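Understanding the architecture of this molecule
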Amino acid sequence: MFFRLLLAAILAASLASAQWGGGGLGRGGGDDMSPRREGRAQTRMDRITAMLTLEPEQRKQVKSILDDGQKEAAPVRDQLVTAQLGIAEAVQAGKSQDEIGKTIEAYATLDTQMTTIELRSLARISQAVNKDQQAKMGSLFWMMRGLFKTKNWNDAGGW
């Protein structure tokens, strides 16, 4: 019995100290080993600039290309959301596989349009940079997928 009480007391003390320590989940005090972000969060444009080592004029050009792509993608993005809801509603309503398949095909068509916009923007960026920077475009290719599916492509919370 004494052993159980001692074990419960140790457990309670360790839980209490874990609450006061400020560590865990990367919050609070500086005594834990979790990585910290210093300063402002890096935007996607910051990451692209660093990846391709863009000059200031190139940075403006790339940002303009991506802003234009975002504008072109806006109606498609809105239609994708509507199409996703249509799929969910069709499934929930117990519609036939053919009817569900049609809504899925409509979504796939829109997703293809979005991918086309993303890749067209990538091609324009490739034309705006020099040969050395083009050699680094592979990483940007993977970053482009889904770039315009949010309302702000340059959001620091992305990726």
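Residues numbered from 1 in each chain as written. Predicted model: local features only at pLDDT ≥ 70, side-chain atom pairs only at ≥ 80, totals over all residues. Heavy atoms only, no water.

Let's shift gears to the overall build of the protein. A count of helical and extended segments in the protein gives 6 helices and 0 strands. For the protein, the N- to C-terminal ordering of α and β elements is α-α-α-α-α-α. For the protein, the proportion of its 159 residues judged to be buried stands at 28%. Surface summary for the protein: the accessible area is close to 10800 Å², and the carbon and sulfur share equals 59%. (Helix = DSSP H or I, 4+ residues; strand = E, 2+ residues; numbered from the N terminus. Buried < 20%, exposed > 50% of the residue type's maximum accessible area, 1.4 Å probe, protein only. Areas by Shrake-Rupley, 256 points an atom, 1.4 Å probe, with all protein chains shown as cover.)

Structural remark: α-helix, 3.6 residues per turn; residues separated by three or four positions point the same way. For helix α4 (residues 97-128), with 32 residues, the first-to-last C-alpha span of 46 Å sits near the 46 Å given by 1.5 Å per residue. Among the residues of α4, I100, Y107, L110, D111, M114, I117, E118, S121, L122, I125 and A128 are the ones counted as buried. Buried residues along α4 sit in contact with α2 (44-52), α3 (56-92) and α6 (137-144). (Expected span 1.5 Å × (residues − 1). Contact = heavy atoms within 4.5 Å.)

Before going further, it helps to spend a moment on the packing of α2 against α3. At a minimum axis separation of 11 Å, α2 and α3 run at an interaxial angle of 130 degrees. Accordingly, the angle class assigned to the pair α2 and α3 is oblique. For the pair α2 and α3, the sense of crossing is right-handed. Contacts between α2 and α3 pair M45, D46, I48 and T49 from the former with R59, V62, K63 and L66 from the latter. Broken down by class, the residue content of the contact of α2 with α3 amounts to 4 nonpolar, 1 polar and 3 charged. (Axes fitted to C-alpha atoms, helices over the stretch in contact; angles between N-to-C directions. Parallel < 35°, antiparallel > 145°, perpendicular 65-115°, else oblique. Left-handed = near helix turned anticlockwise from the far one by under 90°. Nonpolar A, V, L, I, M, F, W, Y, C, P; charged D, E, K, R; others polar.)

Now for α2. Of all 9 residues that make up α2, 8 are buried, and the element is covered over most of its length. All of the buried residues in α2 are R44, M45, D46, R47, I48, T49, M51 and L52. In the stretch just after α2, T53 is the one whose phi turns positive, near 50 degrees.

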